[in-house]
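Residues per chain, in single letters:
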Amino acid sequence: MTESTDTNLTNPEKSPPEKPPSNLFARITGINTGWIRSLLIPTLALLVALIFGAVFVALTDLEALALLKEDFGGGLRLMAEGVGLAYKALFTGAFGSVYGLSETLFAATPLLLTGLAVALGFRAGLFNIGANGQMLIGGMAALWVALHLNLPGFIHIPLAILAAIIGGALWGGISGLLKAITGAHEVITTIMLNFIAFFLVEYLLTVPVFQEAGKINPISEFVPLSARFPQVFGADYRVSIGLLIAVAAAIFVSWLLFRSSWGFEFRAVGFNPTASRFAGMKVQSLLVLVMGFSGALAGIAGANQVLGFSPYQVTSAFAGTIGFDAIALALLGQSHPVGVVWAALLFGALKAGGRAMQASAQIPLDLVVVIQALIIVFIAAPELVRAIFRVKPPEKEKTQITKGWGG
Amino acid sequence: MTKKLFTILSILVVAAMFLTACGADEPAATDVPPPPPADTDVPVVEDTAVPEEETEEEPVAELPIACFITDLAGVDDMSFNALGWKGVTDAVAAGYAQADPILLESQAMEDYQPNIEACLNEGATHIVTSGWAIEEAVKINAAANPDVKWTFIDAGGFELDNVRELVYQTDEASFAAGYLAAGVTKTGVIGTYGGAPYPTVSIFMDGMARGVAYYNEMKGTDVQVIGWSVETADGQFTGSFTDMALARTTCEGILDEAADVMLPVGGAINLPCGDAIIARGIDAALIGVDADAYFAMPEQYQDLWLITIEKGIDIQVTRSLQADAEGNWLGGGTVGNAANGAVGLSPLNSWEDKVDAELWAETQAVFQAIVDGEIDAAVYAVGPE
């Protein structure tokens, strides 16, 4: 394949007379002007989700509902106050202070890495539901290096991350391999591998290789100082070099997808595997490769969870639900690295702000989850958002999410 | 058709926007005539502004400001998180803590630290946390904040004066429940399984098995226990508190061996066992743990609960806050047991008519003997490591 076919495929929906990307950023990442418009629907979806969220806050305000019967205006006012208080707490919790901002970035770090992992899969037509499992395996690989190799920090941390990359890549690669060889659908295999990974970790944390000495509960030994991610903004803020790694990963994925020949082939397979095969691409090995890259990114997120924050000790819950949030993130970011960065920031903000909403506005955290879900619903139904806001659809908009079953 | 739908949706959205817009800055814009200078300060005062600003400098501040942090199971786990929070709200109702206690649910491991910080920032003077996984975060923050009191629902390795660890000699009540179960069983087989081999889980199984053995000893019967061996101090575990399919399979396996009283220990993993019993249509019973399952668990299982081995987490949390309010609070391990009423048996509820009155009287006598120290059922070691 030549360079010219590459650029054609980058923007399949654009008409031929297209200006080449002008600035350096665009040249490196392959991202050009279209992205501002592509922000429109996600932004509107967020807006609608926040509005519906407000309705939820208002309708679950029992005090105000009770008052509504006697004093309709007063009840409404109380509801509105509740909504205002909740969103104020959400916003200030996420952006209102340096601490809030740092917590937003902190929460965004693993989300960004796993979001990229899922987005990369989407681009190649693969639905990687297994980011959680890949995180767990990658994290445990990093933990092993952290606990059992006695090295100075400047080599210990890169080595632990490398172990996480390999662990995650292998775990993701299994699904790729199963798909390539047997045709087993990656949705099934990645979900099942999540279970295997979780119970494996649960077990590993009870063996002396990982378990804290003298403990009965499945909890790991403390990560030694030399393997802990240094904090970037000082000891008061939890943002670590994990964030820098995640940003670097985003740039790398941009480059990989839009500027490398592998990335070209990934996307070609995503658009049409049959045509790609006829064009001479080794689709089978590409599937393994994509799942490997995807798993590697998730693996780094696992390392971040293990080495990235106090108390530098983990239980089997260290991957949390991040790998599943990542699916939502990748959808929200329309499988574009830049979109995923924004989406990770948004979800990070919802996490940091959600805590403030609980603490100072006494609103259950569940509501933040509702808002997240609403955003996804509206993202998944762009026609709905367009209809609400009377946005004209672009002439041709193709966001290849993933192939259907048996694709 | 679709157009209509969109119109309705649009109206909904606009209405919603209207509501939020009010929330944003002008609360009075909807129906009521706005009070003249209705901006931000004046109308709000009545309700919301007061509790937020209170600090410990105020004269009322004799009472602790309580903050409760859950583990990952969340406050609606129908188990120790729910009970811990109940303990806090009970303390508030009884006047041992200030109104509007703070509740923070942890969704992920990395939430523990910021949740503790959020508690401290909101001026909490007494922080209650549940579950062993928060131990390290509590240790770090309790050491850094010696003026704040901490109640830790589980055993931990603290050596701090400002942390109280709540541990429970639940095998005392389990012993009596085992005695009851051995009298109730028709097949002569009692089954049990746990979520994971944690001491807090095994202690129920161990106590129950000892109770069964005591019954055998007294009556010369040979009731078997499947799923726990007193000799090897090991038993059957699913390895998960959330995998309901696995819990059901485990339960079915034990039911296959003719067990007709089951003691599944760990969160809601007893419900799939209830499903299995209902599906088989057999005459079998469940023993609940922690909070009285007859009330705590969904209605469709109500006929199944023979009894619940109650772990009074709420009672001990309330007592901790009470001690704080009354100024006689002490840190360290605090054991809840049969004698101090923090561990006990629930009423029979739906099994009232089915259990032989004499057996029930004996069971209560056994429990009383444990309370009085005549029977030593506190075999399992609890307490700070």
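Each value, and the rule that gives it
Residues numbered from 1 in each chain as written. Chains lettered and ligands numbered in written order. Predicted model: local features only at pLDDT ≥ 70, side-chain atom pairs only at ≥ 80, totals over all residues. Heavy atoms only, no water. Helix = DSSP H or I, 4+ residues; strand = E, 2+ residues; numbered from the N terminus. Buried < 20%, exposed > 50% of the residue type's maximum accessible area, 1.4 Å probe, protein only. Areas by Shrake-Rupley, 256 points an atom, 1.4 Å probe, with all protein chains shown as cover. pLDDT = per-residue confidence, 0-100. Contact = heavy atoms within 4.5 Å. Domains from an automatic or database assignment. Buried area = accessible area lost by both parts, 1.4 Å probe. Salt bridge = Lys/Arg side-chain N within 4 Å of Asp/Glu carboxyl O. Polar contact = N/O pair within 3.5 Å; in protein donor to acceptor, adjacent residues only side chain to side chain. Nonpolar A, V, L, I, M, F, W, Y, C, P; charged D, E, K, R; others polar.

1. Some details on the overall build of chain B
Alright, step 1. Summing up its helical and strand segments, chain B has 12 helices and 14 strands in all.
Alright, step 2. Burial statistics for chain B: of 385 residues in total, 53% are counted as buried.
Alright, step 3. Counting only carbon and sulfur atoms, one obtains 54% of the accessible surface of chain B, whose full area is about 16,300 Å².

2. A few points about the confidence of the model for chain B
Alright, step 1. On average, residues of chain B score 84 in pLDDT, and 83% of them reach the 70 mark or higher.
Alright, step 2. Overall, residues 16–60 of chain B carries pLDDT values under 50, and its contacts beyond four positions in sequence, including any with other chains, amount to 46 contacts.

3. What about the domain arrangement of chain B?
Residue and element names in this part refer to chain B.
Alright, step 1. By domain assignment, chain B separates into domain 1 (60–168) and domain 2 (171–311 + 342–371).
Alright, step 2. A separation of 30 Å is found between the C-alpha centroids of domain 1 and domain 2.
Alright, step 3. A buried area of about 810 Å², summed over both sides, lies between domain 1 and domain 2, and 71% of it is on carbon and sulfur atoms.
Alright, step 4. Of all residues in domain 1, Met78, Leu83 and Tyr168 bury the most surface against domain 2, accounting for 70% of the area lost on that side.
Alright, step 5. If you look at where domain 1 meets domain 2, you find 0 salt bridges.
Alright, step 6. Connecting domain 1 to domain 2 are 0 residue pairs in polar contact (both at pLDDT 80 or more).
Alright, step 7. Taken together, the residues that form the side of domain 1 that touches domain 2 break down as 5 nonpolar, 1 polar and 1 charged.

4. Focus: helix α5 (residues 135–144) of chain B
Alright, step 1. Along α5(B), the residues that are buried comprise Glu135(B), Glu136(B), Ala137(B), Val138(B), Asn141(B) and Ala142(B).
Alright, step 2. Where the residues of α5(B) are buried, they touch α4 (112–121), β3 (126–130), β4 (149–153) and β5 (163–168) of chain B.

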